[in-house]
Amino acid sequence: MRQALGLGAAGFTAYLGTLLVMLRVSHRTTPALVVTASALAVYGAMIVVAASLGRTVLFWPVSATYWFLAACFLMGFGAIYKSISLRILLDLLNRPGRADRYEGILNRYVQEESYQRRLSVLQEAGLAIRGTVGYEVTPKGRRLASIIDALQRLFKIESSG
Amino acid sequence: MIDWLDFSLTPTVLYALVAGSALPIYLALIARLTPFSGRKALQFLLSSVVMIVLWIGLVAAGPGSHSAGRAEIGIGVMILVAESLFYLEVWSLLSRSYTLGLLVTLYRANRPLDEEELARSYRGGSGLSWIMEQRLSGLIGAGLVREDDGMVVLTPVRGVAVACLYRLSIMVLGLRRTG
């Protein structure tokens, strides 16, 4: 059992190492895709390597250890990568007196920088296009939005944001 | 090679897989109970409690239950936590994602919207200022910022420490853009 736990932890360490390299060299892939695809790829590689060593590998303990550590990391990564709240804190840290007017943060960050970036993400992902009249969803965007809409209804989530 | 993989499941681990994977069912049911309506964090917390209680019940009295060792219990707990965090990620995307919120706003409008219209229609007409108010109240509640005469001020110990830790994490991970 101890060997299985160690193997899972070693696999997670390999994942972290892979990630630190991949995030620096992947300029065209979004970090969110890099971290999730790397987690799956390293897990697959870990199982193959472990099974090739010629010793019995306890699949569930190894998998549980790896995915427990990976899920904890991915939770933290999600906050660092996309959290508006943390970004507001960093903005304030860089302001004189570590303070700013409410309207200043709202205009500069929420209504401009963050908003424009998300509109770009929607276009780059092929979910929306900007026409002469304004933004509209593409067929791909419509399919994704209808799934989200259905899931939000299932979990009684009135709206997101 | 597959011969070296031992897929055998103890009841403790099997029950963790079953109780954890059913978490969306508890969440969908609890979200329909009037006292928890609109209280998203509480809904998820309660669903997690149901999941843990169900697992403990199954381990103690389910078919094939036996005196599980510490390692076995530990594996079960790790499976439950991993499954909960996976669902929490998906559920957070559904309930808190700014980008998906904009996509759903466009979808529900069923016509092209210019930038200003889209910003105004965001979150069923709440507009983008809703995000600011919602995030700011969270930051104030956590003691990371305070409001002072129309100014938002980073608190000297906790706020600065979290912001510095955040900046360090961005550097370590090599992220070029965040938020």
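On a predicted model such as this, the values are computed, not experimentally measured, just so you know. (Residues numbered from 1 in each chain as written. Chains lettered and ligands numbered in written order. Predicted model: local features only at pLDDT ≥ 70, side-chain atom pairs only at ≥ 80, totals over all residues.)

Looking only at helices and strands, one finds eight helices and three strands in chain B. The linear arrangement of helices and strands in chain B, starting from the amino end, is β-α-α-α-α-α-α-α-β-β-α. Taken against the 2.2 N^0.38 rule, which gives 16 Å for 179 residues, the C-alpha radius of gyration of chain B at 22 Å runs more than 25% over that of a compact globule. Along the first, second and third principal axes, the C-alpha set of chain B runs to 60 × 45 × 40 Å. For chain B, with 179 residues in total, the buried portion stands at 34%. Here the analysis covers contacts within chain B between residues at least 6 apart in sequence; of these, 50% occur between residues at least 24 apart. (Helix = DSSP H or I, 4+ residues; strand = E, 2+ residues; numbered from the N terminus. Rg over C-alpha atoms; globule rule 2.2 N^0.38 Å. Buried ≥ 20, exposed ≤ 12 C-beta atoms within 10 Å, placed from the backbone. Contact = placed C-beta atoms within 7 Å.)

On to the interface of chain A and chain B, then. Opposite the 74 residues of chain A that make contact, chain B presents 71 residues. Examining the composition of the side of chain A that touches chain B, we find that 15 residues originate from one element, helix α3 (residues 59-82) of chain A, more than from any other. Here the residues of the side of chain A that touches chain B sort into 46 nonpolar, 16 polar and 12 charged. Where strand β2 (residues 99-101) of chain A and strand β3 (residues 151-154) of chain B come together, three bridges link them in antiparallel fashion. Bridge pairing in β3(B) places Ala99(A) opposite Val153(B). (Nonpolar A, V, L, I, M, F, W, Y, C, P; charged D, E, K, R; others polar. Pairing = 2+ DSSP bridges.)

In the predicted model, chain B carries a mean pLDDT of 89, and 99% of its residues have values of at least 70. Overall fold confidence (pTM) sits at 0.84, and the ipTM for the predicted complex is 0.82. (pLDDT = per-residue confidence, 0-100.)

Bringing helix α7 (residues 129-141) of chain B into the picture now. Between its terminal C-alpha atoms α7(B) stretches 18 Å, which fits the 18 Å expected from 13 residues at 1.5 Å a residue. Taken residue by residue, α7(B) has Ile131(B), Met132(B), Arg135(B), Leu136(B) and Leu139(B) as its buried positions. Buried residues of α7(B), viewed axially, fall in a sector of 115°; they line one side. Across α7(B) from its buried face, at more than 90 degrees, point the exposed residues Ser137(B) and Gly141(B). Where α7(B) is buried, its residues meet α4 (84-93) and α5 (102-124) of chain A together with α5 (98-109), β2 (145-148) and β3 of chain B. Note on α7(B): the residue one or two positions beyond its end, Gly143(B), has a positive phi of about 75°. (Expected span 1.5 Å × (residues − 1). Arc of directions from axis to C-beta.)

Turning our eyes to something else, we now look at the packing of helix α2 (residues 31-52) of chain A against α3(A). Each pair of packed helices can be described by the angle between their axes along with the distance between the axes. Residue and element names in this part refer to chain A. At a minimum axis separation of 11 Å, α2 and α3 run at an interaxial angle of 165°. Relative to α3, the element α2 is oriented roughly antiparallel. Between α2 and α3 lies a crossing of right-handed hand. Mapping the contact onto sequence places Pro31, Ala32, Val35, Ala39, Tyr43, Met46 and Ala50 in α2 and Val62, Tyr66, Ala70, Leu74, Phe77 and Tyr81 in α3. (Axes fitted to C-alpha atoms, helices over the stretch in contact; angles between N-to-C directions. Parallel < 35°, antiparallel > 145°, perpendicular 65-115°, else oblique. Left-handed = near helix turned anticlockwise from the far one by under 90°.)

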